[in-house]
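# Analysis of the macromolecular model
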Amino acid sequence: MAALVNVKGLRKSFGDLNILNGIDLEVKAGEVVSIIGPSGSGKTTILRCINLLERPDGGRIEVDGQVLCQDGPDGRIRFASKGEIRKIREEVGMVFQRFNLFPHMTALENVMEAPMAVKGMDKASAKARALELLDSVGLSHRADHYPLQMSGGQQQRVAIARALAMEPRVMLFDEVTSAVDPELAGEILLVMKRLAEEGMTMIVVTHEMGFAADVADRVLFIDHGRVVEEGTAPQVLGAPREERTRAFLKAVLERAPMAEEDGDDDLVDDRDIGEPSWGADPLTAGTSSDTDTIARLQSEVEELRRRLAQSESPSGGDG
Ligand code: ADP
Ligand code: MG
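Criteria and cut-off values
- Residues numbered from 1 in each chain as written.
- Chains lettered and ligands numbered in written order.
- Predicted model: local features only at pLDDT ≥ 70, side-chain atom pairs only at ≥ 80, totals over all residues.
- Heavy atoms only, no water.
- Pairing = 2+ DSSP bridges.
- Helix = DSSP H or I, 4+ residues; strand = E, 2+ residues; numbered from the N terminus.
- Axes fitted to C-alpha atoms, helices over the stretch in contact; angles between N-to-C directions.
- Contact = heavy atoms within 4.5 Å.
- Buried < 20%, exposed > 50% of the residue type's maximum accessible area, 1.4 Å probe, protein only.
- Near = heavy atom within 4 Å.
- Polar contact = N/O pair within 3.5 Å; in protein donor to acceptor, adjacent residues only side chain to side chain.
- Areas by Shrake-Rupley, 256 points an atom, 1.4 Å probe, with all protein chains shown as cover.
- Nonpolar A, V, L, I, M, F, W, Y, C, P; charged D, E, K, R; others polar.
- Core = buried A, V, L, I, M, F, W, Y, C linked by side-chain atoms within 4.5 Å.
- pLDDT = per-residue confidence, 0-100.
- Parallel < 35°, antiparallel > 145°, perpendicular 65-115°, else oblique.
- Left-handed = near helix turned anticlockwise from the far one by under 90°.

We now examine the sheet that holds strand S6 (residues 77–79). Read from one edge of the open sheet, five strands run S2-S1-S4-S5-S6, paired in antiparallel fashion. Taken across any chain shown, the strands that pair with only one partner, and hence form the sheet edges, are strand S2 (17–27) and S6. Sheet twist, expressed as the average angle between the axes of neighbouring strands with direction ignored, equals 20 degrees. Sheet topology note: the strand S1 (residues 5–14)/strand S4 (residues 58–63) ladder contains five bridges and is antiparallel. Within the sheet, the bridge partner assigned to Val7 lies in S4 and is Ile61. The sheet strands contacting helix H1 (residues 43–50) are S1, S2, S4 and strand S5 (66–71), and the helix crosses S2 at an angle near 65 degrees.

Next comes the structure, spelled out in structure tokens:
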């Protein structure tokens, strides 16, 4: 089957700095691919190039059979027409590291905005769809709240609903849990895991190794704008071939909270401004399957630590 997202030889520099040095990335429909790597390695730039928020200097990007850019016969990169790029962008949903909801709009208005403004959807239909989507991320009871009245975890769930409102073919997630309190990461990861289970094609830049291990079909480790290692989640995360991958994973896993330290109660807890009751929130109310899922994501981290330690060749060994 043809890849839904096909990136070949992607190059990008900022001034004199080569940030992406020939990235290849293929994602088939329904696949979840996680990109991991140190800060500054180029992960965000890859995602931003995929919907041309950033202009690549070279290489080829194809989304859903449409070529966004490719090198011409003279070696210079050529871009699709503005109209084609706009069309492809509508198929690519993106959720950023920092909450980027419109602050002057309620959760509901944030989710309704793009379908009305970009797709010309009528207000009643946009509202009905937005309410469905807010419900699917566990936030129908927050529809009339403004971003500042919501926790970071809730804002990111609204941001996911907002991206989904455009009915994208593929979703790009850029470290969407990294700016929220650690105990609120779980509720965002639950929404993403459900989305993956429903068959959404996803590219997920993340430091949440439990999530990558549990949900990703494939993992790419990026360093200095190159793919250092690529494979299934158990291979790359549990038994990395490259020393650089191993060193990175060790550092990240050491920072990850231990399952014992964080009770389930903390993880399904949420904070709100001026409103103490959480009974109505299906996600934060914590059904037993949700707490199971979060516990599983945590135990994946434990398991990865164990496997990584095991796979380490004993130093000084001569065999
Ligand atoms: P990551 O997401 O892996 O942390 P980024 O893709 O954000 O990495 O950035 C990779 C490198 O590119 C960093 O050194 C960053 O400072 C640089 N960079 C990113 N965006 C810009 C920009 N708009 N102008 C100049 N340098 C940039
Ligand atoms: Mg980044």
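Right, let's talk about the side chain of Ser34 for a bit. Among the structural elements, Ser34 can be located in strand S3 (residues 32–36). Residue classification places Ser34 among the buried residues on the basis of a relative accessible area of 0%. Not counting chain neighbours up to four residues away, the residues in contact with Ser34 comprise Val204, Thr206, Ala212, Ala216, Arg218, Val219 and Leu220.

A positive phi angle, near 50 degrees, is found at Asp64, a position not held by glycine. Its place among the elements puts Asp64 in the loop between S4 and S5.

The local shell around ligand 1 consists of Phe14, Ile19, Pro38, Ser39, Gly40, Ser41, Gly42, Lys43, Thr44 and Thr45. Between ligand 1 and Ser41 there is a distance of 3.2 Å, counted from an oxygen atom to a backbone nitrogen or oxygen. Taking 560 Å² as the accessible area of ligand 1 by itself, protein coverage stands at 58%. Per-element accounting of the shell around ligand 1 gives the leading share, three residues, to H1. Class assignment for the residues of the shell around ligand 1 results in three nonpolar, six polar and one charged.

As a further point, take the nonpolar core. By size, the foremost hydrophobic cluster in this structure holds 58 residues, and its most contacted members are Ile160, Met171, Phe173, Met192, Met202 and Leu237. Ranked by residues supplied to this core, first place goes to helix H6 (residues 182–197) with seven residues. Grouped together as the second largest cluster of nonpolar side chains are 32 residues, Ile46, Ile77, Ile85 and Ile203 included.

When pLDDT drops low, the exact placement of atoms in the prediction is not to be read closely. Per-residue confidence for the chain averages 88 on the pLDDT scale, and 87% of its residues sit at or above 70. Low confidence marks residues 259–282, where pLDDT is under 50. Its contacts with residues over four positions away, or in another chain, come to 58 contacts.

This part takes up the packing of helix H3 (residues 107–117) against helix H4 (residues 123–136). For the pair H3 and H4, interaxial distance at closest approach is 9 Å and the crossing angle is 125 degrees. Considering their axes alone, H3 and H4 lie oblique with respect to each other. Crossing hand, H3 versus H4: right-handed. Contact with H3, carried on its side by Ala107, Leu108, Val111, Met112 and Met116, involves Lys123, Ala126, Lys127, Ala130, Leu131, Leu133 and Leu134 of H4 and no other residues of that element. In terms of residue class, the contact of H3 with H4 is made up of ten nonpolar, no polar and two charged.

This part is about the pairing of S3. With five of its five residues buried, S3 lies for the most part within the structure. Every second residue of S3 is oriented toward a common face, with Val32, Ser34 and Ile36 on one face and Val33 and Ile35 on the other, all of them buried. Pairing of S3 with strand S9 (residues 201–205), which is carried by four bridges, proceeds in the parallel orientation. From the neighbouring strand, Val33 faces S9, where its bridge partner is Ile203. Pairing of S3 with strand S10 (residues 218–223), which is carried by four bridges, proceeds in the parallel orientation. Considered in S10, the bridge of Ile35 is made with Leu220.

On to H1, then. Within H1, six of the eight residues are buried, which leaves the element mostly enclosed by the surrounding structure. Within H1 the residues assigned to the buried category are Lys43, Thr45, Ile46, Leu47, Cys49 and Ile50. Positioned one or two residues after H1, Leu52 has a phi angle of 55 degrees, which is positive.

On to the sheet that holds strand S7 (residues 92–95). Spatially, the six strands line up as an open sheet ordered S7-S8-S9-S3-S10-S11, and their pairing is mixed. In the strand order of this sheet, the two ends are held by S7 and strand S11 (226–232), each with one partner. Taken over all neighbouring pairs, the strand axes of this sheet differ in orientation by 15 degrees on average, direction set aside. Sheet strands touched by H1: S3, S7, strand S8 (170–174), S9 and S10. Its angle to S8, the strand with the most contacts, is close to 150 degrees. Where helix H5 (residues 152–164) meets the sheet, it contacts S7 and S8, and its direction lies at approximately 170 degrees from that of S7.

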